[in-house]
Amino acid sequence: MKYKAAVVQFSSGEDIQENLARIETCIGRAAGNQAELVIFPEHAEYLGKDYRQHASDVPGEMTRFYASCARKYGIYVHCGTLTERREDGNPYNTSILFSPDGTMAGRYRKLHMFDVELAEGPGYRESSEASPGDEIVVCGTELGKIGLAVCYDLRFPELFRIMAARGAELLVVSANFTQDTGRAHWEPLLRARAIENTCYVAAAGQCGRNDSFTSYGNSMIVDPWGEVIARAGTEEEIIYAEVDAGRIRDVRTQIPSLANVRGDVYRLEPVPENG
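Residues numbered from 1 in each chain as written. Predicted model: local features only at pLDDT ≥ 70, side-chain atom pairs only at ≥ 80, totals over all residues. Heavy atoms only, no water.

**Focus on the overall build of the protein chain**
From N to C terminus, the protein chain includes 5 helices and 17 strands. Relative to the compact-globule value of 19 Å for 275 residues, the protein chain shows a C-alpha radius of gyration of 18 Å, a close match. Residues counted as buried form 51% of the 275 residues belonging to the protein chain. Look at the contacts in the protein chain between residues 6 or more apart in sequence, and 67% of them connect residues 24 or more apart. For the protein chain, the computed accessible surface area is about 12,700 Å², with 48% contributed by carbon and sulfur atoms. (Helix = DSSP H or I, 4+ residues; strand = E, 2+ residues; numbered from the N terminus. Rg over C-alpha atoms; globule rule 2.2 N^0.38 Å. Buried < 20%, exposed > 50% of the residue type's maximum accessible area, 1.4 Å probe, protein only. Contact = heavy atoms within 4.5 Å. Areas by Shrake-Rupley, 256 points an atom, 1.4 Å probe, with all protein chains shown as cover.)

**Description of the packing of helix α3 (residues 157-165) against helix α4 (residues 179-197)**
One way to put it is that α3 packs onto α4 with a least axis distance of 10 Å and a crossing angle of 40 degrees. Between α3 and α4 lies a crossing of right-handed hand. Residues Pro157, Phe160, Arg161 and Ala164 of α3 lie in contact with α4, whose contacting residues are Arg193, Glu196 and Asn197. Looking at side-chain class alone, the contact of α3 with α4 contains 3 nonpolar, 1 polar and 3 charged residues. (Axes fitted to C-alpha atoms, helices over the stretch in contact; angles between N-to-C directions. Left-handed = near helix turned anticlockwise from the far one by under 90°. Nonpolar A, V, L, I, M, F, W, Y, C, P; charged D, E, K, R; others polar.)

**Focus: the packing of helix α1 (residues 16-32) against helix α2 (residues 61-73)**
Two elements in contact, α1 and α2, have axes whose closest approach is 10 Å; the angle formed by their N-to-C orientations is 20 degrees. The orientation of α1 with respect to α2, classified from their angle, is roughly parallel. Viewed along their axes, α1 and α2 form a crossing whose handedness is right-handed. Judged by residue contacts, Ile16, Gln17, Leu20, Ile23, Glu24, Ile27, Gly28 and Ala31 of α1 engage Glu61, Met62, Phe65, Tyr66, Cys69, Lys72 and Tyr73 from α2. (Parallel < 35°, antiparallel > 145°, perpendicular 65-115°, else oblique.)

**Quick look at the nonpolar core**
If you look at the biggest cluster of nonpolar residues, it comprises 49 residues, and the most contacted ones within it are Leu37, Val173, Trp186 and Leu190. Once residues lying within four places of it in the same chain are set aside, the contact partners of Leu37 are Tyr3, Lys4, Ala5, Ala6, Ile75, Tyr76, Leu97, Leu143, Ile146 and Leu170. Core analysis: the second largest hydrophobic core is formed by 30 residues, Ile23, Cys26, Val38 and Cys69 among them. (Core = buried A, V, L, I, M, F, W, Y, C linked by side-chain atoms within 4.5 Å.)

**Observations concerning the pattern of salt bridges**
With the rule as written, the count across this model stands at 15 salt bridges. Between Arg125 and Asp115 there is a salt bridge; the shortest N-O distance is 3.3 Å. Taken together, the residues Arg125 in strand β8 (residues 124-125) and Asp115 in strand β7 (residues 115-116) connect sequence positions 10 residues apart. Here Arg125 falls in the partly exposed class, since its relative accessible area comes to 40%. By sharing partners, the salt bridges in this structure join Glu42, Lys110 and Glu126 into a single network. (Salt bridge = Lys/Arg side-chain N within 4 Å of Asp/Glu carboxyl O.)

Following this line, the structure appears as C-alpha coordinates:
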(Lines give C-alpha, C1' and ligand atoms only; values in the text may rest on other atoms or scores of the structure.)
Protein backbone atom coordinates (compact mmCIF):
# COMPACT_ATOMS: atom_id res chain seq x y z
CA MET A 1 0.00 0.00 0.00
CA LYS A 2 1.34 3.40 -1.04
CA TYR A 3 -0.34 6.78 -0.90
CA LYS A 4 0.53 10.47 -1.03
CA ALA A 5 0.09 12.49 2.15
CA ALA A 6 -0.13 16.29 2.26
CA VAL A 7 0.86 18.36 5.30
CA VAL A 8 -0.44 21.93 5.42
CA GLN A 9 1.64 24.57 7.18
CA PHE A 10 -0.85 27.26 8.07
CA SER A 11 -1.09 30.62 9.85
CA SER A 12 -4.49 30.76 11.54
CA GLY A 13 -6.12 33.84 13.01
CA GLU A 14 -9.21 34.78 15.00
CA ASP A 15 -11.59 34.98 12.03
CA ILE A 16 -13.02 31.47 11.84
CA GLN A 17 -14.83 31.93 8.52
CA GLU A 18 -11.68 33.25 6.86
CA ASN A 19 -9.69 30.33 8.26
CA LEU A 20 -12.25 27.83 6.98
CA ALA A 21 -12.26 29.34 3.50
CA ARG A 22 -8.48 29.02 3.32
CA ILE A 23 -8.62 25.49 4.78
CA GLU A 24 -10.98 24.36 2.02
CA THR A 25 -8.69 25.92 -0.60
CA CYS A 26 -5.79 23.89 0.81
CA ILE A 27 -7.85 20.69 0.80
CA GLY A 28 -8.74 21.28 -2.83
CA ARG A 29 -5.09 21.90 -3.74
CA ALA A 30 -3.97 18.74 -1.96
CA ALA A 31 -6.64 16.64 -3.65
CA GLY A 32 -5.70 18.20 -6.99
CA ASN A 33 -2.14 17.00 -6.40
CA GLN A 34 -3.41 13.43 -5.90
CA ALA A 35 -2.95 13.38 -2.14
CA GLU A 36 -5.22 10.90 -0.39
CA LEU A 37 -4.72 12.40 3.07
CA VAL A 38 -4.35 16.05 4.09
CA ILE A 39 -3.20 17.11 7.57
CA PHE A 40 -3.59 20.50 9.27
CA PRO A 41 -1.87 22.06 12.32
CA GLU A 42 -3.16 22.61 15.83
CA HIS A 43 -5.94 25.23 16.13
CA ALA A 44 -6.38 25.44 12.37
CA GLU A 45 -9.94 26.74 12.62
CA TYR A 46 -9.27 29.33 15.34
CA LEU A 47 -6.09 30.69 16.94
CA GLY A 48 -6.83 33.45 19.40
CA LYS A 49 -7.36 34.48 23.01
CA ASP A 50 -10.76 33.01 23.92
CA TYR A 51 -11.08 29.33 23.09
CA ARG A 52 -14.12 28.74 25.30
CA GLN A 53 -16.13 31.41 23.46
CA HIS A 54 -15.15 29.97 20.08
CA ALA A 55 -15.68 26.31 20.97
CA SER A 56 -18.04 24.21 18.87
CA ASP A 57 -20.10 21.08 19.42
CA VAL A 58 -18.86 17.72 18.17
CA PRO A 59 -20.71 16.72 16.10
CA GLY A 60 -21.77 20.17 15.00
CA GLU A 61 -21.17 22.96 12.52
CA MET A 62 -17.39 22.55 12.47
CA THR A 63 -17.44 18.80 11.92
CA ARG A 64 -20.06 19.24 9.19
CA PHE A 65 -17.67 21.62 7.41
CA TYR A 66 -14.77 19.16 7.45
CA ALA A 67 -17.02 16.23 6.57
CA SER A 68 -18.39 18.09 3.55
CA CYS A 69 -14.87 18.93 2.38
CA ALA A 70 -13.80 15.30 2.71
CA ARG A 71 -16.81 14.19 0.63
CA LYS A 72 -16.44 16.98 -1.92
CA TYR A 73 -12.79 16.25 -2.66
CA GLY A 74 -12.82 12.50 -1.96
CA ILE A 75 -9.90 12.65 0.47
CA TYR A 76 -9.10 11.85 4.10
CA VAL A 77 -9.06 15.15 6.02
CA HIS A 78 -7.30 15.54 9.34
CA CYS A 79 -8.60 18.77 10.85
CA GLY A 80 -5.50 19.56 12.90
CA THR A 81 -7.40 20.44 16.03
CA LEU A 82 -10.65 22.19 16.75
CA THR A 83 -11.96 23.51 20.05
CA GLU A 84 -14.62 21.08 21.26
CA ARG A 85 -17.23 22.53 23.61
CA ARG A 86 -17.87 21.01 27.04
CA GLU A 87 -20.90 21.98 29.06
CA ASP A 88 -19.21 21.37 32.41
CA GLY A 89 -15.70 22.75 31.98
CA ASN A 90 -12.97 24.00 29.68
CA PRO A 91 -13.17 22.76 26.09
CA TYR A 92 -11.13 19.92 24.65
CA ASN A 93 -8.37 20.45 22.09
CA THR A 94 -9.69 17.84 19.69
CA SER A 95 -8.13 16.20 16.66
CA ILE A 96 -10.47 14.46 14.19
CA LEU A 97 -9.80 12.40 11.07
CA PHE A 98 -12.58 12.39 8.47
CA SER A 99 -12.96 9.67 5.85
CA PRO A 100 -13.65 10.49 2.18
CA ASP A 101 -17.32 9.63 2.77
CA GLY A 102 -17.49 12.30 5.50
CA THR A 103 -17.65 9.97 8.49
CA MET A 104 -15.35 10.40 11.48
CA ALA A 105 -12.59 7.79 11.34
CA GLY A 106 -11.34 8.84 14.78
CA ARG A 107 -11.53 11.57 17.42
CA TYR A 108 -8.64 12.28 19.78
CA ARG A 109 -8.63 14.79 22.65
CA LYS A 110 -5.18 16.09 23.54
CA LEU A 111 -3.91 14.18 26.57
CA HIS A 112 -1.02 16.25 27.89
CA MET A 113 -1.53 19.79 29.17
CA PHE A 114 1.47 22.13 29.08
CA ASP A 115 1.48 23.51 32.63
CA VAL A 116 4.75 25.17 33.60
CA GLU A 117 5.86 27.51 36.38
CA LEU A 118 9.09 29.37 35.69
CA ALA A 119 11.48 30.75 38.30
CA GLU A 120 12.04 33.75 36.05
CA GLY A 121 9.47 35.02 33.60
CA PRO A 122 5.80 34.20 33.15
CA GLY A 123 4.42 30.69 33.57
CA TYR A 124 1.71 29.10 31.48
CA ARG A 125 -1.11 26.72 32.36
CA GLU A 126 -2.80 25.17 29.36
CA SER A 127 -5.17 23.44 31.77
CA SER A 128 -6.67 26.84 32.60
CA GLU A 129 -8.18 27.01 29.11
CA ALA A 130 -8.45 23.37 27.98
CA SER A 131 -9.41 20.00 29.44
CA PRO A 132 -7.31 16.87 28.86
CA GLY A 133 -8.66 13.81 27.14
CA ASP A 134 -8.32 10.29 28.49
CA GLU A 135 -7.97 8.02 25.46
CA ILE A 136 -5.22 6.99 23.04
CA VAL A 137 -6.56 6.88 19.48
CA VAL A 138 -5.40 4.87 16.46
CA CYS A 139 -7.71 5.19 13.45
CA GLY A 140 -8.35 2.24 11.17
CA THR A 141 -8.56 3.47 7.56
CA GLU A 142 -8.26 2.15 4.03
CA LEU A 143 -4.80 3.75 4.01
CA GLY A 144 -3.66 1.84 7.10
CA LYS A 145 -3.69 2.63 10.80
CA ILE A 146 -3.08 6.26 11.76
CA GLY A 147 -2.25 7.44 15.29
CA LEU A 148 -3.16 10.94 16.47
CA ALA A 149 -1.19 13.31 18.74
CA VAL A 150 -1.12 17.05 19.43
CA CYS A 151 1.83 19.38 20.09
CA TYR A 152 3.06 18.81 23.69
CA ASP A 153 2.17 15.11 23.32
CA LEU A 154 5.29 14.85 21.19
CA ARG A 155 7.43 14.90 24.35
CA PHE A 156 5.85 11.70 25.70
CA PRO A 157 7.35 8.71 23.87
CA GLU A 158 5.12 6.29 25.78
CA LEU A 159 2.10 7.56 23.85
CA PHE A 160 3.74 6.92 20.49
CA ARG A 161 5.04 3.48 21.47
CA ILE A 162 1.53 2.43 22.49
CA MET A 163 0.12 3.68 19.17
CA ALA A 164 2.80 1.74 17.28
CA ALA A 165 2.07 -1.36 19.36
CA ARG A 166 -1.57 -0.99 18.33
CA GLY A 167 -0.55 -1.11 14.68
CA ALA A 168 -0.07 2.54 13.72
CA GLU A 169 1.98 3.01 10.56
CA LEU A 170 1.62 6.79 10.36
CA LEU A 171 1.82 9.01 13.45
CA VAL A 172 0.21 12.42 12.94
CA VAL A 173 1.27 15.41 15.04
CA SER A 174 -0.58 18.73 14.84
CA ALA A 175 1.31 21.47 16.63
CA ASN A 176 2.08 25.10 17.31
CA PHE A 177 5.68 25.17 18.57
CA THR A 178 7.40 28.42 19.52
CA GLN A 179 10.61 29.57 17.85
CA ASP A 180 12.76 28.71 20.89
CA THR A 181 11.42 25.23 21.53
CA GLY A 182 11.08 24.57 17.81
CA ARG A 183 14.72 25.29 17.01
CA ALA A 184 15.94 23.12 19.87
CA HIS A 185 13.49 20.24 19.97
CA TRP A 186 11.05 19.97 17.03
CA GLU A 187 13.11 17.98 14.52
CA PRO A 188 14.95 15.79 17.09
CA LEU A 189 11.67 14.77 18.72
CA LEU A 190 9.92 14.02 15.43
CA ARG A 191 12.81 11.97 14.12
CA ALA A 192 13.14 10.13 17.44
CA ARG A 193 9.44 9.18 17.41
CA ALA A 194 9.83 7.84 13.86
CA ILE A 195 13.03 5.93 14.64
CA GLU A 196 11.80 4.46 17.94
CA ASN A 197 8.60 3.16 16.41
CA THR A 198 9.72 2.50 12.81
CA CYS A 199 6.71 4.54 11.63
CA TYR A 200 6.16 7.48 9.36
CA VAL A 201 5.58 10.74 11.24
CA ALA A 202 3.67 13.60 9.61
CA ALA A 203 3.84 16.85 11.58
CA ALA A 204 1.85 19.97 10.69
CA GLY A 205 2.80 23.20 12.43
CA GLN A 206 1.48 26.73 12.62
CA CYS A 207 3.66 29.49 11.20
CA GLY A 208 3.72 33.28 11.50
CA ARG A 209 3.08 35.62 14.39
CA ASN A 210 0.09 35.05 16.67
CA ASP A 211 -1.10 37.05 19.68
CA SER A 212 1.77 35.98 21.97
CA PHE A 213 4.64 34.46 19.98
CA THR A 214 5.99 33.57 16.55
CA SER A 215 5.24 29.99 15.54
CA TYR A 216 8.13 27.86 14.36
CA GLY A 217 6.72 26.31 11.18
CA ASN A 218 9.11 23.73 9.71
CA SER A 219 6.35 21.17 9.19
CA MET A 220 7.78 17.87 8.04
CA ILE A 221 7.25 14.26 7.10
CA VAL A 222 9.74 11.72 8.46
CA ASP A 223 10.14 8.16 7.20
CA PRO A 224 10.55 5.06 9.42
CA TRP A 225 14.36 5.27 9.14
CA GLY A 226 14.26 8.80 10.60
CA GLU A 227 14.96 10.61 7.35
CA VAL A 228 13.15 13.89 6.75
CA ILE A 229 11.57 13.32 3.34
CA ALA A 230 9.59 16.58 3.12
CA ARG A 231 10.02 19.84 4.98
CA ALA A 232 8.43 23.29 4.94
CA GLY A 233 10.10 26.58 5.77
CA THR A 234 8.61 29.34 7.88
CA GLU A 235 5.78 30.48 5.57
CA GLU A 236 2.46 28.93 4.60
CA GLU A 237 3.06 25.91 2.42
CA ILE A 238 1.81 22.42 1.54
CA ILE A 239 4.38 19.63 1.53
CA TYR A 240 3.92 16.12 0.14
CA ALA A 241 5.47 12.70 0.59
CA GLU A 242 4.67 9.08 -0.15
CA VAL A 243 3.74 6.79 2.72
CA ASP A 244 4.81 3.26 1.78
CA ALA A 245 3.86 0.21 3.86
CA GLY A 246 6.65 -1.71 2.13
CA ARG A 247 9.20 0.78 3.43
CA ILE A 248 7.86 0.22 6.95
CA ARG A 249 8.25 -3.55 6.58
CA ASP A 250 11.80 -3.18 5.28
CA VAL A 251 12.89 -0.93 8.14
CA ARG A 252 11.24 -3.17 10.73
CA THR A 253 13.17 -6.11 9.30
CA GLN A 254 16.45 -4.19 9.67
CA ILE A 255 15.61 -2.66 13.07
CA PRO A 256 13.08 -4.93 14.83
CA SER A 257 12.73 -2.71 17.91
CA LEU A 258 8.99 -3.26 18.23
CA ALA A 259 9.40 -7.04 18.05
CA ASN A 260 12.23 -6.96 20.60
CA VAL A 261 10.37 -5.10 23.36
CA ARG A 262 10.87 -6.96 26.68
CA GLY A 263 7.30 -6.94 27.88
CA ASP A 264 8.21 -9.67 30.35
CA VAL A 265 10.62 -7.30 32.13
CA TYR A 266 9.11 -3.82 31.79
CA ARG A 267 5.76 -2.30 30.92
CA LEU A 268 4.02 1.02 31.31
CA GLU A 269 2.58 1.43 34.79
CA PRO A 270 -0.04 3.90 36.07
CA VAL A 271 1.47 6.92 37.83
CA PRO A 272 0.74 6.84 41.57
CA GLU A 273 -1.66 9.56 42.73
CA ASN A 274 1.00 11.09 44.98
CA GLY A 275 3.54 11.14 42.14
